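# A structural walkthrough
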Amino acid sequence: MRGVAVLGAMLGLALSGGARAQTTPPQDSAPIVVTAPAEPAPGEKPSLWKRAEADDVVVYSDGDAAQLLRVARNLERLHALLERLYRTRTRAAEPARVEIVLVNTARDLRALGLRDIGADEGPFTKPFAGQRYYDPRPSGAVIALPRVDQVIDTDTSKARNADCEDTASAHSDGESDAASDCIGKVSFHPPVTRSWESILYGAYAQHLVIHYAAVAYPRWYFDGIGAVFSTVVFKQDGSVEYGQQPIGLAAVLRAYGRLDTAAVMTGSYLHAPSKRMDWTPYHAWLLTHFFVMSRLNATNQSQFGQYMAAVGRGETMAQAAQAFGTLARLRREVRAYAGLPHEYAKTVKSTIDYAPTVTPLTQPAAEAMLKHVAGRG
């Protein structure tokens, strides 16, 4: 039951009220020292690109240097947290450093010409697909994404249908016609914003879980781990909060359909998309959070442990889901959980300062980097 052991590492953080789990701060015996940026050699043209280099990540950006430094430092703090939560003691070697490329726009990302290596998450419904690129290269993984927040449309047909259902359920005389109640009713659902940094931190969490947890996970859980850590908050006192509810969760679930628990647990959503739900990172967050950060009863703990162990043995998700019986009870519990306050975890304060080295790149160096990232050099 390796999956249960990994979950236990997370659930060992005592959750309470609205948050506050305490863990031991990470130890780092060799903090990175900031050095003065190198000047271009005579005759070399400078570029807009800069490199932030740290123990575990190398981040390239053609944007603001202060932003680059902050993001690289946050990634190091996230790495320390994930190592403590997920790294198995039998796996001594660290993965090769990740190379992360931050570009200005989605068009710039497409212009990199990154080769399609196939789906590695989701499959998410169209508005959520292709928000980042990930290639788990043996020589060092590559993550690339634009520094642009995602604006999510929530004024969908599913949201409007939910409005009609609300109108119908509000009448208890049994004589109201839901369809006629909705005729002429105009409602507007404002968009939800998802930050580009949350997408980056979620992608990095998924990358480390691949290397640290020597166990097969169901696809939805892999999506969920990224979503759970996408809302990480790095506090001024060195503590880290994670597992917070994403902003706009209720609006997105309304707009793209309530979580179809049975379709996800059995894996049927992968080959026969659910008619009531469009799969999104928000759905993945809810289901994963329910299992790893809620106060599961003994029955759910046992059944989920059996489910994860079965997947780890190579059984299909449909076969593994038999551990839950008909799934009717689980569906009801997850649906109720969606409307509850959700707990999150927080590490203790830390005085460790991660200080990556930031260096500007010359034009030839920038071109060589982009060629390498695209797999052409």
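Throughout what follows, the structure given in this document is the object of discussion.

Reading guide: rules and limits
Residues numbered from 1 in each chain as written. Predicted model: local features only at pLDDT ≥ 70, side-chain atom pairs only at ≥ 80, totals over all residues. Heavy atoms only, no water. Salt bridge = Lys/Arg side-chain N within 4 Å of Asp/Glu carboxyl O. Helix = DSSP H or I, 4+ residues; strand = E, 2+ residues; numbered from the N terminus. Buried < 20%, exposed > 50% of the residue type's maximum accessible area, 1.4 Å probe, protein only. Expected span 1.5 Å × (residues − 1). Polar contact = N/O pair within 3.5 Å; in protein donor to acceptor, adjacent residues only side chain to side chain. Pairing = 2+ DSSP bridges. Axes fitted to C-alpha atoms, helices over the stretch in contact; angles between N-to-C directions.

Before going further, it helps to spend a moment on the pattern of salt bridges. Side-chain pairs of opposite charge can arise whenever the charged atoms involved come near each other. Inspection of the entire model under this criterion finds 14 salt bridges. Note that E121 and R132 form a salt bridge whose closest N and O atoms lie 3.2 Å from each other. Here E121 is found in the loop between α3 (106-111) and β4 (133-135), whereas its partner R132 is found in the loop between α3 and β4, with eleven residues between them in sequence. In terms of burial, E121 and R132 fall into one category: buried. Close ionic contact of E315 with R313 constitutes a salt bridge, the shortest N to O distance being 3.0 Å.

It is worth spelling out helix α11 (residues 298-312) at this point. The terminal C-alpha atoms of α11 lie 21 Å apart, and with 15 residues this matches the ideal 21 Å at 1.5 Å per residue to within 8%. When α11 is considered as a whole, its buried residues turn out to be N300, Q303, F304, G305, Y307, M308, A309, A310 and V311. By the N-cap criterion, in which a side-chain oxygen at the helix start approaches the backbone nitrogen of a residue two or three places on, α11 is capped by N297, the distance to T299 being 3.2 Å. G314 sits one or two residues past α11 and shows a positive phi near 100°.

Turning to the environment of M293, a few remarks are in order. By the element assignment, M293 lies in helix α10 (residues 281-293). With relative accessibility at 3%, the residue M293 sits in the buried group.

On to the sheet that holds strand β1 (residues 46-53), then. In spatial order, the strands read β4-β5-β3-β2-β1-β11; together these six strands make up an open sheet with mixed pairing. For this open sheet the edge positions go to β4 and β11 (357-362), each flanked by a neighbour on one side alone. The sheet shows a mean angle of 20° between the axes of neighbouring strands, taken without regard to direction. For β1 and strand β2 (residues 57-61), the ladder comprises four bridges, and the chain directions are antiparallel.

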